[in-house]
Amino acid sequence: MKNKSVGSAAEFAWQGERRLFLGILPDSHNARQLSSLLPQIPPPAKPVAVENLHLTLLFLGQSTARQAQQLCDALSQLSLPAFSVVLDQWQLWPSPAVLCLAGEVADPGLSELYLQLLCCAAAVGFAPPQHRLKPHITLARRSKTLPAMPSMQLQLAGSTLVLFHSASTGQGVSYRPLWQLALTQC
Ligand code: 2AM
């Protein structure tokens, strides 16, 4: 199958820099599963807005439109593998104070995809990540302790790679898809 990217030149026309990351959106079934968990998170943790739920593959940081365009052009040339991942571990990450549902990199497709993302991002000048890939979805911020949460096995299918803009708005942060690419099913 040929990769198909979606995104227009208009998406890459901003002045200055934007905060970007590459990731995956949950499908509707996953989103329903995750939504059912959000009301169960006790305060003072602040649940993430449903529309902001995502799995980060590679945080890019500040980027010009030109650099983002170069990255997307490079990724579009490749046959990037689809993957699956199971998220079933509740974790509290103290330093960012986030509650997340995490898993392991078990699918070789995910390892290969991540390597390709790293290579392309480095080639267009993005700094390497500070931590190894730990697949997770953040469900709440400002989490101080790990609450008792129901067990959950989220089977996530990574079939579309998304470039997100992390935008600060009056209503808080919003993760806006700028561009996407169909991943290749092996
Ligand atoms: P996370 O919630 O999946 O951990 C946009 O800022 C997103 O990028 C955040 O939701 C966070 O994803 C991730 N992120 C932010 N800063 C990061 C950093 N320095 N390193 C890695 N991921 C980061």
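Refer to the structure printed above.
Residues numbered from 1 in each chain as written. Predicted model: local features only at pLDDT ≥ 70, side-chain atom pairs only at ≥ 80, totals over all residues. Heavy atoms only, no water.

### Digging into the side chain of Ser143
The condition is simple: Where helices and strands are cited, they refer to DSSP runs of H or I of at least four residues and of E of at least two residues respectively, numbered from the N terminus. For the exposure calls, accessible area comes from a 1.4 Å probe over protein chains only, and a residue counts as buried if that area is under 20% of its type's maximum, exposed if over 50%, partly exposed in between. Any two residues whose heavy atoms approach within 4.5 Å are treated as being in contact.
Looking at where Ser143 falls in the secondary structure, it is placed in the loop between strand 7 (136-141) and strand 8 (154-158). Residue Ser143 is classed as buried on the basis of its relative accessible area of 4%. Those residues within four positions of Ser143 in sequence are excluded, and the remaining contacts are Ala45, Leu92, Ala97, Val98 and Leu99.

### Considerations on the layout of surface pockets
What counts here: Using a grid of 1 Å spacing that covers the protein atoms alone, one calls a set of points a cavity when a 1.4 Å probe fits there but cannot get out, and a pocket when the set is open and has protein on both sides within 12 Å along at least five of seven lines; lining residues are those with an atom within 4 Å of a point. Grid points are joined across faces, edges and corners, and a volume is the space filled by probe spheres set on the points. Ten residue types, Ala, Val, Leu, Ile, Met, Phe, Trp, Tyr, Cys and Pro, are classed as nonpolar, four, Asp, Glu, Lys and Arg, as charged, and the remainder, Gly among them, as polar.
Of the pockets and cavities examined, the largest pocket occupies roughly 970 Å³. Together, 29 residues line the largest pocket, and Thr56, Phe59, Trp93, His131 and His136 are the ones closest to its centre. When contributions to the lining of the largest pocket are tallied by element, the ones reaching two or more residues are strand 2 (18-24), strand 4 (55-63), strand 7 and strand 10 (172-182). When residues in the lining of the largest pocket are grouped by element, the largest group, 6 residues, is from strand 4. Partitioned by chemical class, the residues of the lining of the largest pocket number 16 nonpolar, 9 polar and 4 charged.

### Structural notes on the site of the ligand
Selection criterion: Nearness is defined per residue: one heavy atom within 4 Å of the molecule or strand is enough. Put plainly, a molecule is in a cavity or pocket when over half of its atoms are within 2 Å of the grid points there.
Taken together, Arg19, Phe21, His54, Thr56, Phe59, His136, Thr138, Arg141, Ser166 and Tyr175 make up all the residues around the ligand. A molecule is said to occupy a pocket when more than half its atoms come within 2 Å of that pocket's grid points, and by this definition the ligand occupies the largest pocket. When residues of the shell around the ligand are traced back to their parent elements, those giving at least two are strand 2, strand 4 and strand 7. Sort the elements by how many residues they give to the shell around the ligand and strand 7 lands first, with 3 residues. Its residues assigned to classes, the shell around the ligand shows 3 nonpolar, 5 polar and 2 charged.

### Topic: the pairing of strand 6 (residues 98-103)
Note the threshold: Strands are treated as partners if at least two bridges between them are detected by DSSP.
Counted residue by residue, strand 6 has 6 buried out of 6 residues, so it is predominantly covered. Residues of strand 6 alternate between two faces, with Val98, Cys100 and Ala102 on one and Leu99, Leu101 and Gly103 on the opposite face, all of them buried. As paired strands, strand 5 (residues 83-93) and strand 6 are joined by 6 bridges and run antiparallel to one another. Of the residues in strand 6, the one forming a bridge with Gln91 is Cys100. The turn joining strand 5 and strand 6, which pair antiparallel and follow one another in sequence, is formed by 4 residues; a positive phi near 55° is taken by Ala97. Pairing geometry for strand 6 and strand 7, over 4 bridges, is antiparallel. Looking across to strand 7, one finds that Leu101 is bridged to Ile137.

### Points about the environment of Met149
Along the polypeptide, Met149 turns up in the loop between strand 7 and strand 8. Judged by relative accessible area, which is 14%, Met149 ranks as buried. Spatially, the C-alpha atom of Met149 lies 9.5 Å from that of Pro42, the residues being 107 residues apart in sequence. Apart from the residues within four sequence positions on either side, Met149 is in contact with Leu37, Gln40, Ile41 and Trp90.

### So, the pairing of strand 8
Of the two faces of strand 8, only the one carrying Leu154, Leu156 and Gly158 is buried; Gln155 and Ala157 on the other face are not. Bridge analysis of strand 5 against strand 8 gives 5 bridges, and the strand direction is antiparallel. Bridged to Leu87 within strand 8 is Leu154.

### Here we look at the packing of aromatic side chains
Each aromatic ring pair is summarised here by two numbers: the centre-to-centre distance and the angle between the ring planes. Note the threshold: Note on aromatic contacts: the rings of Phe and Tyr and the six-membered ring of Trp form a pair at centre separations within 6.5 Å, being stacked when their planes are under 30 degrees apart, edge-to-face when over 60 apart, and tilted otherwise.
Within this structure, the stated rule accounts for 3 aromatic pairs. Relative to Phe164, the ring of Phe21 has its centre 4.8 Å away and its plane inclined at 15°; by these criteria the two rings are stacked. You can see Phe21 sitting in strand 2 and its partner Phe164 sitting in strand 9 (residues 160-169), a full 143 residues away along the chain. Taking relative accessible area as the criterion, Phe164 reaches 1% and is therefore assigned buried. Consider the rings of Phe21 and Tyr175, whose centres lie 5.3 Å apart with planes at 90°: the pair is edge-to-face.

Function cannot be inferred from these measures alone, as they are strictly geometric.
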